[in-house]
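Here's the letter readout for the chains.
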Amino acid sequence: MDTKIITIKAPGGRLSEEDISGIQKAGEIIKNGGIVAFPTETVYGLGGDALSPESSKKIYAAKGRPSDNPLIVHISRIESLYEIAETVPDYAVKLAEVFWPGPLTMILKKKDIVPDETTGGLDTVAVRFPSDPVAKILINAAGGFVAAPSANISGRPSPTEAKYVIEDMNGRADAIIDGGGGEIGLESTIVDLTVQPPQILRPGFITSEMLGRVLGTEVETDKAIISPESGQKPRAPGMKYRHYAPRGELVIVEGENEAVVSGINEMIRSDKESGCRTGVMACDENAGRYDADVVKKTGPKGDQKEAAKRLYSILRSFDDEEVTKIYAESFEAEGFGEAIMNRLLKAAGHKIIKK
Ligand code: AMP
Ligand code: MG
């Protein structure tokens, strides 16, 4: 398949008439049953018509994604929610008013119009209204309902830049819209509103505290993703899969700062002796202190927004540099940090060393 690359002239800035018409043409591709990768404020999505079983099948095939892992339906107007959700409880309306458009996905009972292929056979549907202007125009032009998982080959880190989308999806998607880098860098928060109290199935930029403040009730995170050793099955089917993983072995190192730095350097020495190419993911303050072959900076210590934005491109760059052993400094799992640690732990297959 020939993949058309559509480049937005001023990503993040004012869209020109030419940009808008390019995005609208891409929307037509989706409307006609094709699949198109596009930027959002979280990560790049791979979009198809959410109401067409054939389009959803194409998305699964392009990603190599297991078909029991449902897709998020992206909309471009709050009212569209009522067309695909059987019931829209008051608290969904409240959350939509505060957090949409934005990085929040809500799980609700689905209407029959949403095919089983899109929801992986579930009777619920995941819905999000993204804020990225390119995404909004695309969804509108595509008919209003775009199923879009992250635009990576299943299992790899989600793409935060068009070059990574091209790496994974060239020849697999009908078109790719290059719209620069996203603001957030991690996938949306998923909140299940079919249970009481609502539950977070995947942490993200919108934290449980932020949701709790709006709803006036405590919002917990699915226990199975906090402690995978619990043996429970995550309620978001996708969270059970190994994910975001670089090709090299990744280990998280946790502890007091000086112990972490000296501990990692010690391990690097012995890895080098056994012929490994080593890498470290460290905060700016520590980066210069490591003797690894490749050191990637996550931003100033404690800057969660910067670390989240850089995480997936750092994980991919270790692949580009053929690193075989990677150490990551750990992050505080507070606030947005819960999402960073969730992705990092999955990428590391939960390998964590305490120093
Ligand atoms: P991605 O599209 O790659 O961001 O992944 C979407 C995530 O949403 C996966 O973890 C899915 O399992 C989850 N998801 C989508 N629809 C539902 C649903 N109806 N119920 C629970 N989880 C869902
Ligand atoms: Mg994904």
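To keep things clear, this report deals only with the structure shown in the data block. Computed from a predicted structure; not experimentally measured.

Here's the deal with empty space enclosed by the protein
Right, so step 1: The final tally for this structure, using the stated rule, is one cavity of 30 Å³ or more.
Right, so step 2: What lines the largest cavity is Thr 189, Ile 200, Pro 203, Gly 204, Ile 206, Thr 207, Ser 208, Gly 335, Glu 338 and Ala 339.
Right, so step 3: Each residue belonging to the lining of the largest cavity can be placed in one class, and the counts come to four nonpolar, five polar and one charged.

Observations concerning the layout of surface pockets
A water-sized probe rolled over the atoms picks out the places where empty space is left.
Right, so step 1: Each pocket or cavity is described by its volume, and for the largest pocket that value is around 680 Å³.
Right, so step 2: Asn 69, Pro 70, Ile 72, Ile 190 and Ala 236 are, among the 40 residues lining the largest pocket, the residues nearest its centre.
Right, so step 3: Within the residue set of the lining of the largest pocket, elements represented by two or more residues are strand E4 (72–74), strand E6 (124–128), strand E9 (189–192) and strand E10 (199–202).
Right, so step 4: Here the lining of the largest pocket gets four residues from one element, more than from any other, and that element is E6.
Right, so step 5: Broken down by class, the residue content of the lining of the largest pocket amounts to 18 nonpolar, 13 polar and nine charged.

Examining the site of ligand 1
Right, so step 1: Inspection of the region around ligand 1 gives 19 residues, with Asn 69, Thr 124, Pro 149, Arg 202 and Gly 238 positioned closest.
Right, so step 2: The separation between an oxygen atom of ligand 1 and a polar main-chain atom of Gly 238 is 2.6 Å.
Right, so step 3: In isolation ligand 1 offers 500 Å² of accessible surface; the protein chains occlude 96% of this area.
Right, so step 4: With respect to the detected pockets, ligand 1 is housed in the largest pocket.
Right, so step 5: For the shell around ligand 1, the secondary-structure elements that each account for two or more residues are E6 and E10.
Right, so step 6: No other element matches the three residues that E6 contributes to the shell around ligand 1.
Right, so step 7: Taken together, the residues that form the shell around ligand 1 break down as twelve nonpolar, four polar and three charged.

Rules behind the numbers
- Residues numbered from 1 in each chain as written.
- Chains lettered and ligands numbered in written order.
- Predicted model: local features only at pLDDT ≥ 70, side-chain atom pairs only at ≥ 80, totals over all residues.
- Heavy atoms only, no water.
- 1 Å grid on protein atoms, 1.4 Å probe; cavity = no way out; pocket = protein on both sides within 12 Å on 5 of 7 lines; lining within 4 Å.
- Points joined across faces, edges and corners; volume = space filled by probe spheres on them.
- Nonpolar A, V, L, I, M, F, W, Y, C, P; charged D, E, K, R; others polar.
- Helix = DSSP H or I, 4+ residues; strand = E, 2+ residues; numbered from the N terminus.
- Near = heavy atom within 4 Å.
- Polar contact = N/O pair within 3.5 Å; in protein donor to acceptor, adjacent residues only side chain to side chain.
- Areas by Shrake-Rupley, 256 points an atom, 1.4 Å probe, with all protein chains shown as cover.
- Sits in = over half its atoms within 2 Å of the grid points.

Interpretation note: all reported values are geometric properties and have no functional meaning in isolation.
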